[in-house]
Amino acid sequence: EVKLVESGGGSVQTGGSLTLSCTVSGFNGDYTDMAWYRQGAENKCEKVASVSRDGTTSIYDSVKGRFTASIGSGKTLMYLQMNDLKPEDTAVYYCTADPILSRPTSLQEVGIKTWTSCGFGYWGRGTQVTVSS
């Protein structure tokens with residue numbers, strides 16, 4: 001089944017940088033609709049970046065100019081490079097992606113999507129980013 005794992009989080013001071021990775025396992029194939037979300041205070045979620053299969057990315061206004069998303073290869077679906085981090089960036093960061101299915105698959109093969117405050121999809125457990133002033 002699809003398993004996404006976010007990594008690279010940690011605690012940094014204001015102005016620091018982190019690179020997050022989203023790695024997939026459990027189901028071989030290509031993925032689409034890739035994106036990064038973050039869940040901050042009050043369990044609120046916002047989308048921060050999207051990544052297309054052709055490598056193009058969209059960065060959303062709240063982090064534009066500081067964050068850069070990029071597509072990965074192999075089991076690493078995508079990255080999120082975060083620069084000039086601010087306390088308001090403190091959140092749990094999640095990646096999501098949908099497998100591209102070229103044949104019928106069983107639920108056991110692909111697994112189930114789950115609901116989070118960020119939406120319904122495949123999610124990792126998230127990686128905590130904490131930015132101190």
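The structure displayed is predicted, hence computed values, not measured ones.

Caption draft 1: View of the layout of surface pockets. There is about 270 Å³ of room inside the largest pocket. Listing elements by their share of the lining of the largest pocket, those giving two or more residues are β1 (3-7) and α1 (107-110). For the lining of the largest pocket, the element with the highest residue contribution is β1, accounting for four residues. A class-by-class count of the residues in the lining of the largest pocket yields seven nonpolar, six polar and four charged. In this structure, the second largest pocket spans a volume of roughly 210 Å³. Lining the second largest pocket we find 15 residues, and of these G29, D30, Y31, G74 and L77 sit closest to its centre.

Caption draft 2: Quick look at unusual backbone geometry. Unusually for a residue other than glycine, D33 sits at a positive phi of about 50 degrees. Positionally, D33 belongs in strand β4 (residues 31-39). A residue is classified by how much of its surface remains accessible, and D33, at 52% relative accessible area, is exposed. Phi is positive for E42, which is not a glycine, with a value near 60 degrees. Residue position: E42 is located in the loop between β4 and β5 (45-51). You can call E42 exposed: its relative accessible area is 67%.

Rules of the game
Residues numbered from 1 in each chain as written. Predicted model: local features only at pLDDT ≥ 70, side-chain atom pairs only at ≥ 80, totals over all residues. Heavy atoms only, no water. 1 Å grid on protein atoms, 1.4 Å probe; cavity = no way out; pocket = protein on both sides within 12 Å on 5 of 7 lines; lining within 4 Å. Points joined across faces, edges and corners; volume = space filled by probe spheres on them. Helix = DSSP H or I, 4+ residues; strand = E, 2+ residues; numbered from the N terminus. Nonpolar A, V, L, I, M, F, W, Y, C, P; charged D, E, K, R; others polar. Buried < 20%, exposed > 50% of the residue type's maximum accessible area, 1.4 Å probe, protein only.

Such coordinate-based values are descriptive only and should not be taken to indicate function.
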